[in-house]
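Listed below, chain by chain, are the residues.
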Amino acid sequence: MMKRVKISFIIPSYNEAENIPKVLEAINKEMYSQFYNYEVIFIDDGSTDETMETIKRLAFHFEEVRYISFTRNFGKESAMLAGLQSASGDAVIMMDADLQHPPSLICQLLRGYEEGYDQVIAKRNRTGDSPIRSFISSCYYRIVNHTVDVKLSDGEGDFRLLSRKAVNALLTLSEGNRFSKGLYSWIGYEQKTISYDNVVREHGETKWSFPKLLNYAIDGIVSFNHKPLRVCFYTGAFVLLLALLYISITFVQILRTGITVPGYFTLISAVLFLGGVQLVCMGIIGEYIGRIYSETKKRPHYLIQQTNVDQPVQKMEKR
Ligand code: UDP
Ligand code: MG
């Protein structure tokens, strides 16, 4: 008898007690009409509400529910990695727990997989977002795509289907500081994109504060190459050139008219400007040193409190 292809859903969940039964129900509804086996892996990322109790209750009633709970909040990236490492399916679908990734697209993702694509990406447009936020994001992506080797695209997040080949490729990337958006793009493979309208979160609240977003933005630029260091070098060289120019002009002036004392403004601007440039450059270098520091510690990405999943599985592509 032919074995049915299995899909693993990976759902990182942090304080999503209200949403979890709804996601599961929506997935079950979508998969009911599909000719696939499936499992739904909830990763409880150290939630402080009833998330874990809810997941375990569901696991008791539905055999397709798997769970992994962390000892504390390790972040979405770690949760997704745990999901990928434990997924036993022939393909994986990553979804948020908050229903902002519409389950109605599952069918289209699966059609993409059947057509032979290794990554089927659901791309969200920015309907409902504030114009300022959309503007900042589009500027950011323009900058990133000029500095970084991989291509990042606005709206293409974690909501996607990955074939076993793509999942195994992602698992070979062992860096501690994971920036998934870049990693998906880095592994390449045949990709197909589907668009959907942005959905507003109904329950719970977003975990993205402005400082978190800013840090994420910096991660995006620094995680993939060392071009920013080169920018530091060019800035330094440019400032040095300006300084040399200024010195020679002033020197000629002194030769012609003698020393004139007032110079407070030029002095203070030079000190402040140079200080600023130096601090920014040091900050950029520091970003890299910090990364080297945390990579050398080789700490695990997460610690598991309880799970009903066999750990970790690396299956071969069967297609
Ligand atoms: N999430 C997580 N760990 C965290 C923060 C978020 O597992 O530390 C999960 C969260 O439960 C949700 C998904 O990541 O399923 C996306 O989070 P959120 O909705 O806050 O992000 P947004 O949709 O605003 O980008
Ligand atoms: Mg969300």
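These numbers come from a predicted model, not from an experiment.

Okay, the overall build of the chain next. Each helix and strand in the chain was counted, giving 10 helices and 8 strands. Taking 2.2 N^0.38 as the reference for a compact globule, 319 residues should give roughly 20 Å; the C-alpha atoms of the chain span a radius of gyration of 25 Å, well beyond that estimate. The principal-axis extents of the C-alpha atoms in the chain amount to approximately 95 × 40 × 40 Å. The buried share of the chain, taken over its 319 residues, is 28%. Taking the contacts inside the chain whose residues are at least 6 apart along the sequence as the reference set, 86% of them involve residues at least 24 apart.

A separate point is the site of ligand 1. In the neighbourhood of ligand 1, 16 residues make up the surrounding shell, with P12, Y14, A97, T206 and K207 lying closest. Mapped by element, the contributors of at least two residues to the shell around ligand 1 are strand 1 (6-13) and helix 3 (76-86). Partitioning the shell around ligand 1 into residue classes produces 5 nonpolar, 5 polar and 6 charged.

Taken from the UniProt record, the annotation "transmembrane region" (unreviewed entry) applies to residues 231-252 and 264-289. Helix and strand shares over residues 231-252 are 100% and 0% respectively, and the end C-alpha atoms of the span are 32 Å apart.

This paragraph deals with unusual backbone geometry. Positive phi values are uncommon outside glycine, yet Y189 reaches one of about 75°. Along the chain, the position of Y189 falls in the loop between helix 7 (180-187) and strand 7 (191-196). Residue classification places Y189 among the partly exposed residues on the basis of 13 C-beta atoms within 10 Å. In this structure, K298 takes a positive phi of about 50° despite not being glycine. Checked against the element boundaries, K298 lands in the loop between helix 10 (264-297) and strand 8 (304-307).

So, about the sheet that holds strand 2 (residues 37-44). Across the sheet, which stays open at both edges, the 8 strands sit in the order 7-5-6-4-1-2-3-8 with mixed pairing between neighbours. Edge positions in the sheet fall to strand 7 and strand 8, since each of these pairs with one other strand and no more. Adjacent strand axes in the sheet meet at a mean angle of 20° when their direction is disregarded. Set on the sheet, helix 1 (residues 20-32) makes contact with strand 1, strand 2 and strand 3 (65-70); between it and strand 2 the angle comes to about 165°. This element, helix 2 (residues 51-61), spans strand 1, strand 2 and strand 3 of the sheet and lies at about 155° to strand 3.

On to the domain arrangement of the chain. Split by domain assignment, the chain resolves into domain 1 (6-208 + 303-307) and domain 2 (226-297). For domain 1 versus domain 2, the separation of C-alpha centres amounts to 44 Å. Of the residues lining the interface, 4 residues belong to domain 1; the matching set on domain 2 comes to 5 residues. Here the residues of the side of domain 1 that touches domain 2 are counted per class, giving no nonpolar, 3 polar and 1 charged.

Once that is clear, we can look at the environment of A270. One can find A270 in helix 10. Separated by 27 residues in sequence, A270 and A243 place their C-alpha atoms 8.8 Å apart.

A few words on helix 4 (residues 106-114). Residues of helix 4 that are buried include every one of I106, L109, L110, G112 and Y113, and no others. The buried side chains of helix 4 occupy one side of the element, clustering within an arc of 155° when seen end-on. Against the buried residues of helix 4 lie helix 1, strand 4 (91-94), strand 5 (119-124), strand 6 (156-163) and strand 7.

F9, I11, I41 and V92 are the most contacted members of the largest nonpolar core, which totals 49 residues. Excluding anything up to four places from it in sequence, V92 contacts S8, I10, L84, A87, L161, L162 and V167.

Moving residue by residue along a regular strand, the side chains alternate between the two faces of the sheet. What you see with strand 4 is no split at all: A91 and I93 on one side and V92 and M94 on the other are buried throughout. Judged from the 4 bridges that link them, strand 1 and strand 4 form a sheet pairing that is parallel. Directly across from S8, in strand 4, lies its bridge partner V92. Across 4 bridges, the pairing between strand 4 and strand 6 is antiparallel. Its bridge partner lying in strand 6, A91 is registered against S163.

What follows is about helix 5 (residues 131-147). Its 17 residues give helix 5 an end-to-end C-alpha distance of 25 Å, which sits within 8% of 24 Å, the value for a rise of 1.5 Å per residue. Within helix 5, only 1 of the 17 residues are buried, which leaves it mostly out in the open.

Reading guide: rules and limits
Residues numbered from 1 in each chain as written. Chains lettered and ligands numbered in written order. Predicted model: local features only at pLDDT ≥ 70, side-chain atom pairs only at ≥ 80, totals over all residues. Helix = DSSP H or I, 4+ residues; strand = E, 2+ residues; numbered from the N terminus. Rg over C-alpha atoms; globule rule 2.2 N^0.38 Å. Buried ≥ 20, exposed ≤ 12 C-beta atoms within 10 Å, placed from the backbone. Contact = placed C-beta atoms within 7 Å. Near = placed C-beta within 6 Å. Nonpolar A, V, L, I, M, F, W, Y, C, P; charged D, E, K, R; others polar. UniProt positions renumbered as here; feature names shortened; annotations may be inferred. Pairing = 2+ DSSP bridges. Axes fitted to C-alpha atoms, helices over the stretch in contact; angles between N-to-C directions. Domains from an automatic or database assignment. Arc of directions from axis to C-beta. Core = buried A, V, L, I, M, F, W, Y, C linked by C-beta atoms within 7 Å. Expected span 1.5 Å × (residues − 1).

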